[in-house]
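Structural features, examined
Listed here are the chains, written in short residue letters.
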Amino acid sequence: MKLGLVIDLDTCVGCHACAVACKEWNGGSALSGPLSDYEPYGKEPSGVWFNRVRHYEAGEYPQNKTLNVPMSCMHCEDADCVTVCPTGASYKREDGIVLVDQDKCMGCNLCTWACPYGARELDESSGTVKKCTLCADRIFDELLPPGDRQPACVLACPTHARHYGDFDDPGSNVSKLVAEREGFGMLPELGYKPVNRYLPPRPMPKVPVHASPQENGSAPGLAQRVAGWVNKFIER
Amino acid sequence: MRPALSIVFFTVSSGAGLGLLALLALADLFKLGGGLSVAQILSGGMLGLVLVAAGLVSSTLHLANPKNAWRAFTRFATSWLSREAVFAAAFFPLCALYLAGVFWQQPWRAFAALLVVALAWTVLYCTAMIYGSLKPIRQWHTPLTPLNYLLLGHASGALLLLWVAERGQTRIAPYVVLALALLSAGAAAKLAYYARTRRDGGATLGHALGVKTAAQVKLLDAGHTHGTFLSAEFVFTLARAHAARLRAAVWAFGFAAPALLAAAFPDAALGAALLCLAGLLAERWLFFAEAQHTVALYHGARRV
Ligand code: SF4
Ligand code: SF4
């Protein structure tokens, strides 16, 4: 098994619902909770998150595009975070999930340095490193209805930009999505073989740029005058 | 990378101690300058061990959960940090054995001396590989990292050894030559490291995100109102002028001044060694501060 996520950069609207749902579920999880907050109501709130959404812009206005990029552990096949760990606290399971045993971690931080994606964070309160568990305590829970046996972030996403499944199974929804949409993994040249895949944004039609009449130096033509009049008319 | 002072001190202090012990054992083996007296070897050995121990204690200050530190001995097969812990722990009894052999003039002391040299080099190498093996940090992921750690540890160790040699009947000329040679080699290795760091060639933000676009990608919002663990650890910005000043200090105190002092006034060897260690503290601080992690890209760095 090779469990992981597919994240659709075309549909993600950057609402942070996945990050909040993650914080909520894992904060109460016995696997690695609580996810400590520092000064949550103070001037400089900060704390541990397993999933962070950042916002980027490609290109210049008006040919620009906003990219919302949620990032969490990619459950790499060749995870150096596990290799460098001196205590054996970090480990990779048979199903591909990479976890930190909270009872063994000594808080040396080396694994956070070894992760290229910023997927691991030190919890200052427990002195241990915490990370995405792929909701290992949800996805196999037979007490939950089958549809709910998915990571909290996937269930929370209002635009269905997140998908969970087994990448080893060519028939799984994640494998199909990756094949259809040319899903990619980040920083492949580092050789970590990240399992999570991102679906690229669909190509954007080029936004036509007209010079305004004033810039043209000519009087507005009939069609433009009509368009302006209609626009005024239907305003509000 | 945010330079953690406990780690900066650890690598410099342990490096000097390991360099001193390796060179001390070699000087004893080859009877450098007529050989060192028992008192000299014992005092030099103790000084080296104190430096190594002080470094290791400092490194544990860096741990957020030290009660699990004993587990660091359990992943020898895969982790450089674990290897370093195991070899460093073995180093103390071995040195004690060697020093006992010296004290009681045992015939096997030469064999023990060889082991001390080998183990000191191994520990230094492991320490360096903790950093050198990290692929997300381009500046560190090079054989120049272990080379730098080995040579700089031995350069500072050689100055301390000169101080030990100068406080006895030993001819100190070979010790001066040794210190100068190691300082020059260390400076050359550092120069190569800096030249490599200056060269561009790291990934860009657009590349790190993996989106195929010819357009420039920039960060709009990192998604948090205040800093996070990630921004504190990986987004360390160092003003160019400050970096230049520190580099000047590295060259002046780490290499030039100690070399001049050792050559002109060998009886001021302790001063030369202390200057060198101060310069190396600046060097090690820069080693961290100038290293850039790929996570900085996701926080808006143009290139790492
Ligand atoms: S994303 Fe980072 S933490 Fe997750 S498996 Fe890969 S290297 Fe480890
Ligand atoms: S911080 Fe914990 S999990 Fe990470 S490398 Fe150190 S001991 Fe292992």
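The structure under discussion appears in the preceding block.
Let us look at the structure shown here.

Scoring rules and cut-offs
- Residues numbered from 1 in each chain as written.
- Chains lettered and ligands numbered in written order.
- Predicted model: local features only at pLDDT ≥ 70, side-chain atom pairs only at ≥ 80, totals over all residues.
- Heavy atoms only, no water.
- Helix = DSSP H or I, 4+ residues; strand = E, 2+ residues; numbered from the N terminus.
- Buried < 20%, exposed > 50% of the residue type's maximum accessible area, 1.4 Å probe, protein only.
- Contact = heavy atoms within 4.5 Å.
- Areas by Shrake-Rupley, 256 points an atom, 1.4 Å probe, with all protein chains shown as cover.
- Lys, Arg positive; Asp, Glu negative; His and termini not counted.
- Charge placed at Lys NZ, Arg CZ, Asp CG, Glu CD.
- Pairing = 2+ DSSP bridges.
- Buried area = accessible area lost by both parts, 1.4 Å probe.
- Salt bridge = Lys/Arg side-chain N within 4 Å of Asp/Glu carboxyl O.
- Polar contact = N/O pair within 3.5 Å; in protein donor to acceptor, adjacent residues only side chain to side chain.
- Nonpolar A, V, L, I, M, F, W, Y, C, P; charged D, E, K, R; others polar.
- Core = buried A, V, L, I, M, F, W, Y, C linked by side-chain atoms within 4.5 Å.
- Axes fitted to C-alpha atoms, helices over the stretch in contact; angles between N-to-C directions.
- Phe/Tyr/Trp six-rings, centres within 6.5 Å; stacked < 30°, edge-to-face > 60°.
- Lys NZ or Arg CZ within 6 Å of the ring centre and 35° of its normal.

1. Observations regarding the overall build of chain B
- When its secondary structure is counted, chain B shows 11 helices and 1 strand.
- Overall size of chain B, expressed as C-alpha extent along the three principal axes, is 70 × 45 × 30 Å.
- The burial tally for chain B puts 54% of its 304 residues in the buried class.
- Restricting to contacts in chain B with at least 6 residues of sequence separation, those with at least 24 account for 80%.
- On chain B, roughly 12,500 Å² of surface is accessible, and the fraction owed to carbon and sulfur atoms is 70%.
- Counting 23 positive and 9 negative side-chain charges, chain B places the averaged centre of each group 8 Å from the other.

2. Some points on the pairing of strand 5 (residues 65–71) of chain A
Residues and elements named next belong to chain A.
- Burial runs high along strand 5: 5 of the 7 residues are buried.
- Judged from the 7 bridges that link them, strand 4 (residues 52–58) and strand 5 form a sheet pairing that is antiparallel. Note that in strand 5 the partner of Y56 across the bridge is L67.

3. Overview of the interface of chain B and chain A
- Between chain B and chain A, the residue contacts involve 56 residues of the former and 53 residues of the latter.
- With both chains or domains summed, chain B and chain A bury close to 4,400 Å², and 61% of this area falls on carbon and sulfur atoms.
- Connecting chain B to chain A are 3 salt bridges.
- Among the ionic pairs, E60 of chain A bridges to K218 of chain B, the shortest N-O distance being 3.8 Å.
- Between chain B and chain A we count 22 residue pairs in polar contact (both at pLDDT 80 or more) in total.
- Secondary-structure elements contributing two or more residues to the side of chain B that touches chain A are helix 3 (80–103), helix 4 (109–132), helix 7 (205–209), strand 1 (217–221), helix 8 (229–234) and helix 11 (294–298) of chain B.
- Ranked by the residues each element gives to the side of chain B that touches chain A, the list is headed by strand 1 of chain B, at 5 residues.
- When grouped by side-chain class, the residues that make up the side of chain B that touches chain A number 28 nonpolar, 21 polar and 7 charged.
- Note: strand 4 of chain A against strand 1 of chain B, 4 bridges, orientation antiparallel. Note that in strand 1 of chain B the partner of A58 of chain A across the bridge is V217 of chain B.

4. Description of the nonpolar core
- Grouped together as the largest cluster of nonpolar side chains are 138 residues, with contacts concentrated most on Y117 of chain A together with F91, Y131 and W140 of chain B.
- L3, L5, I139 and Y164 of chain A belong to the second largest nonpolar core, which has 13 residues in total.

5. A short note on the sheet that holds strand 5 of chain A
- Pairing is antiparallel across the open sheet formed by 3 strands, whose spatial order is 5(A)-4(A)-1(B). One side of each edge strand has no neighbouring strand; the edge strands of this open sheet are strand 5 of chain A together with strand 1 of chain B. In this sheet, adjacent strand axes meet at a mean angle of 35 degrees when their direction is disregarded.

6. Comments concerning the packing of aromatic side chains
- Evaluation of the coordinates by the stated rule reveals 21 aromatic pairs over all chains.
- Members of the aromatic cluster, connected to one another through ring pairs, are W113 of chain A together with Y131, W140, Y149, Y193, Y194, W251, F255, F287 and F288 of chain B.
- Between R247 of chain B and the ring centre of Y194 of chain B, over which it is positioned, the NZ or CZ distance is 3.8 Å.

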